[in-house]
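Close look at the chain arrangement
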Amino acid sequence: MTTTLAGGRAARRQTMRRIRPRRSPAVPLLLAVWAGAAAVLWLWWQNTPSIADDTGRILGAGRITGLLAGYLMALVVLQMARVPALERRVGSDRVARWHAMSGRYTLCLVLAHVFLTMWGYARQAGKSLGDIVQQTVDSINQLPDMGKAALGTGLFVVIGLTSIGPVRRRLPYDAWYHVHLLTYAAVFLTFWHQITTGNDFAVEPTAKTFWYALYGAVTALVVWYRILTPIRLNLRHRMYVEAVIEETPGIVSVLIGGRRLHRMGAEAGQFFRWRFLAPGMRFSSHPYSLSAAPRPGMLRITVKAIGDHSARLRELEPGTKVWAEGPYGALTAQRRSRGKVLLVAGGVGITPMRALFETLPGGAGDITLLYRANTTQDLALWDELAAIAEERGARLMYAVNSPEGERPDISAENLRLKIPDIETHDVFMCGPPGFAQSVFEALREAGVPARRIHHESFEM
Amino acid sequence: MRKSHPVRRVVLATAATVSGVVLLLSLKPASDPAAASAAGAVPQQTAAGQAPQGAAQAGSATVTGDAAQTQYGAVQVRLTVSGGKITKAEAVQAPKGGLSDQKTQLAVPKLNQEAVTAGSADIDAVSGATYTSEGYRKSLQSALDKMKTAAPPASGSSSSGSSSSGSAQARTVTGKAVQTQYGPVQVRITVSGRKITEAEAVQAPKGGLSDQKTRLAVPKLNQEAVTAGSADIDAVSGATYTSTGYRQSLQSALDQAGG
């Protein structure tokens, strides 16, 4: 008995040594963003000695909104540059939410800037608010680079319209995505008028240099991480479909072969964006998590056939070439700060949990997996999970609907009943948004602090 | 994973942005405080009330522009012109009382200096004294207009010939004012030995957008005129009307110079 205990302690110590929680760089990054915004406002403040009247105030507001929009636009593009620090440390889901939020905000600033500036110019020329359209046409005709800027703003409006919830849901994903790519053109078109007509850049050569540096750096990061890095990755690893396996009705696993796949730096819990070079599929890439830890010659993804794209995966021929970008995602062992871990999976959300269940370091009893599905037939990968549980001495639980279709009760009391020391656990969670939300609330009620509930959600 | 409140977020972002912008704008003074306080020790040197003189000098005359009303009082400019060139500019009237004294003290000497240097009403406003500068500019323009009606361009060039002492061949010719959609454009050139040595716009579109365009286009057009030595110059993109007017006025000046 004593020996087992001692052995258990030694194993625990061994485990703890391998847990090195890394803090997400989100807070310092956000501070830097705010500092940059303050610097932009300071630039305006320095170059505006006084404001005499309402026209001056309107133009001042137009300049402030314009400067902020120009600054944020660079950051909105940066958020989608697939920079590893953002994708793997902050988390792709969180960065995508930032992108959506700041994108909307920036578009509003752009529109406010256009309206206020044109209104101010109209007033200066002794015209009324009603002449604002004519004033806009005049400005486009007469000021340098304003034609380009107007075209770019038009593109921004189209991109914004296609991203409004109801419109986006009705559009095919590919159409929305390709319209969204026009952002690069729009940013390019609107950049030049900032330099040539922007008051603050005309008088401050330093500010102009800073602006060029900001946009130059973002361009370099986009080219490097969105274009060159994937090309290098795919030339090096040359991936192809090895086999397609039906796990349960509607859930398939795709085995992917290639060269030295363990050198891709992928960790359990991460995902790649996959593009299968088969007819009808080559123009869209989709994010799917790895459902097993990477092996030298093999990666595996497990996908539920819900969408058009995922349904087609079933018909993939072995040998089909695969183009992958990644690895992305921050739902990895790095998030862990405690010895004990609870993994919660809902439906096909089992994929990253399955990979973590296999690889998270821990002694007997440290790791628990709770798997929620509609019926026992829907428990994909169950046999593997049972085998892993057996081998590691980990706990495996499932919750399915009753035969009458009643949903299982995942409440704080039930969780505490099953896992008495639940408040000492780190929780990793993956599942549909409604499920994740209710489990999150139950976990909080059961005493798990929010900072130890690790979750990835691609809902906006 | 905390509940998101989209409506609350939108309201908060809008309120924060609007109040931030309004706060920044309201913190800005109506006139430049640094410029006003810096004027403290400048000795009193308003030109108002000085007796008209200059009749003694041969070929020079004084012209007084119309008084231009500003928010803080009237501004009126008097020019001493010799050989078609402004040799002296002074303000007969300028805003007085309270802060205005200080501002007048600060701004008027600068504006006088600028008027002599530019030889036209195309002068920069003194920051912190925008209204005074604007009034000054208007009155200066009216004085220049009067000067032209009194002495048409052709005779202006001849009077320049009579008063010239240094450069024998140099003379200035002012072209016709050409009306454009946005205001008149008028070009004055200095010709020396059948070459244009200097070109400047006496008048150019003003107000609103036009200020920006004039600032962008006129220096380029002046440069082009000197380089080309003819009215065959390229239009500045974004300022087509101004360019066309400039070209026409330049051609008329060249016609006068050649004839």
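Residues numbered from 1 in each chain as written. Chains lettered and ligands numbered in written order. Predicted model: local features only at pLDDT ≥ 70, side-chain atom pairs only at ≥ 80, totals over all residues.

1. Focus: the overall build of chain A
When helices and strands are counted, chain A shows 16 helices and 11 strands. Taking contacts inside chain A between residues at least 6 apart in sequence as the whole, the part at least 24 apart equals 73%. (Helix = DSSP H or I, 4+ residues; strand = E, 2+ residues; numbered from the N terminus. Contact = placed C-beta atoms within 7 Å.)

2. A few points about the nonpolar core
Core analysis: the biggest nonpolar cluster contains 64 residues, and L343, M353, F357 and L369 of chain A have the highest contact counts within it. For F357 of chain A, the residues in contact, after removing those within four places along its chain, are L343, I367, L369, L385, I388 and A394 of chain A. Ranked by size, the runner-up nonpolar core spans 46 residues in total, among them V81, V108, I123 and I233 of chain B. (Core = buried A, V, L, I, M, F, W, Y, C linked by C-beta atoms within 7 Å. Buried ≥ 20, exposed ≤ 12 C-beta atoms within 10 Å, placed from the backbone.)

3. Digging into the packing of helix 2 (residues 26–47) of chain A against helix 3 (residues 54–79) of chain A
All names here are of chain A. Put simply, helix 2 and helix 3 touch, their axes get as near as 10 Å, and they point 150° apart. In terms of their interaxial angle, helix 2 and helix 3 are classed as roughly antiparallel. In the packing of helix 2 onto helix 3, the handedness of the crossing is right-handed. Facing V33, G36, A37, V40, L41, L43 and W44 of helix 2, the residues of helix 3 in contact are R63, I64, L67, L68, Y71 and L75. For the contact of helix 2 with helix 3, a count of residues per class yields 11 nonpolar, 1 polar and 1 charged. (Axes fitted to C-alpha atoms, helices over the stretch in contact; angles between N-to-C directions. Parallel < 35°, antiparallel > 145°, perpendicular 65-115°, else oblique. Left-handed = near helix turned anticlockwise from the far one by under 90°. Nonpolar A, V, L, I, M, F, W, Y, C, P; charged D, E, K, R; others polar.)

4. Quick notes on the environment of A85 of chain A
All names here are of chain A. Structurally, the position occupied by A85 is in helix 4 (residues 84–124). In this structure A85 comes out as exposed when scored by C-beta crowding, with 11 C-beta atoms within 10 Å. Put simply, A85 and S24 are 61 residues apart on the chain and 9.0 Å apart in space, counted from C-alpha to C-alpha.

5. Some points on the confidence of the model for chain B
All names here are of chain B. Scored by pLDDT, chain B has a mean of 74; 75% of the residues are at 70 or more. Note on residues 34–58: pLDDT under 50 across the span, and 36 contacts to partners over four residues away in sequence or across chains. In the model, residues 152–168 has pLDDT below 50 throughout and makes 29 contacts with residues more than four positions away in sequence or in other chains. Predicted complex, confidence summary: ipTM 0.82, pTM 0.69. (pLDDT = per-residue confidence, 0-100.)

6. Let's talk about the pairing of strand 5 (residues 171–174) of chain B
Residues and elements named next belong to chain B. Here strand 5 shows two buried faces, one formed by R171 and V173 and the other by T172 and T174. With 4 bridges joining them, strand 5 and strand 7 (residues 183–192) adopt antiparallel strand pairing. Along strand 7, the bridge assignment pairs T174 with R188. (Pairing = 2+ DSSP bridges.)

7. A few points about the interface of chain B and chain A
Every contact between the two is made by 22 residues of chain B and, on the other side, 26 residues of chain A. The set of elements that each furnish at least two residues to the side of chain B that touches chain A consists of helix 1 (6–27) and helix 6 (209–228) of chain B. In terms of residue class, the side of chain B that touches chain A is built from 10 nonpolar, 9 polar and 3 charged.

8. As for the sheet that holds strand 2 (residues 251–257) of chain A
Residue and element names in this part refer to chain A. Pairing is antiparallel across the open sheet formed by 6 strands, whose spatial order is 4-3-6-1-2-5. Taken across any chain shown, the strands that pair with only one partner, and hence form the sheet edges, are strand 4 (286–289) and strand 5 (298–304). Neighbouring strand axes in the sheet, compared pairwise and without regard to direction, differ in orientation by 40° on average.

9. Focus on helix 9 (residues 183–197) of chain A
Here helix 9 of chain A is 15 residues long and its end C-alpha atoms lie 22 Å apart, about the 21 Å a rise of 1.5 Å per residue gives. Looking at helix 9 of chain A, one finds that the buried residues are A186, V187, L189, T190, F191, H193, Q194 and T197 of chain A. (Expected span 1.5 Å × (residues − 1).)

10. Quick notes on unusual backbone geometry
Between G326 of chain A and the following residue, P327 of chain A, the backbone shows a cis peptide bond with an omega angle of -5°. With respect to the element layout, P327 of chain A can be found in strand 6 (residues 321–328).

11. Looking at the sheet that holds strand 10 (residues 425–430) of chain A
Picture the strands of a sheet paired through backbone hydrogen bonds; they go either parallel or antiparallel. Residue and element names in this part refer to chain A. One open sheet holds the 5 strands; their spatial order is 9-8-7-10-11, and the pairing between them is parallel. Both edges of this open sheet fall to strand 9 (395–400) and strand 11 (453–455), since each of them pairs with a single strand only. Between one strand axis and the next, the sheet turns by 15° as a mean value, whatever way the strands run. Sheet topology places strand 7 (residues 340–346) next to strand 10; 6 bridges connect them, and they run parallel. When the bridges of strand 10 are listed, K340 appears paired with H425. The strands touched by helix 13 (residues 350–359) within the sheet are strand 7, strand 8 (367–373) and strand 10, with strand 7 carrying the most contacts at an inclination of about 155°. Contacting strand 7, strand 8, strand 10 and strand 11, helix 16 (residues 433–445) runs over the sheet at an angle of about 170° to strand 11.

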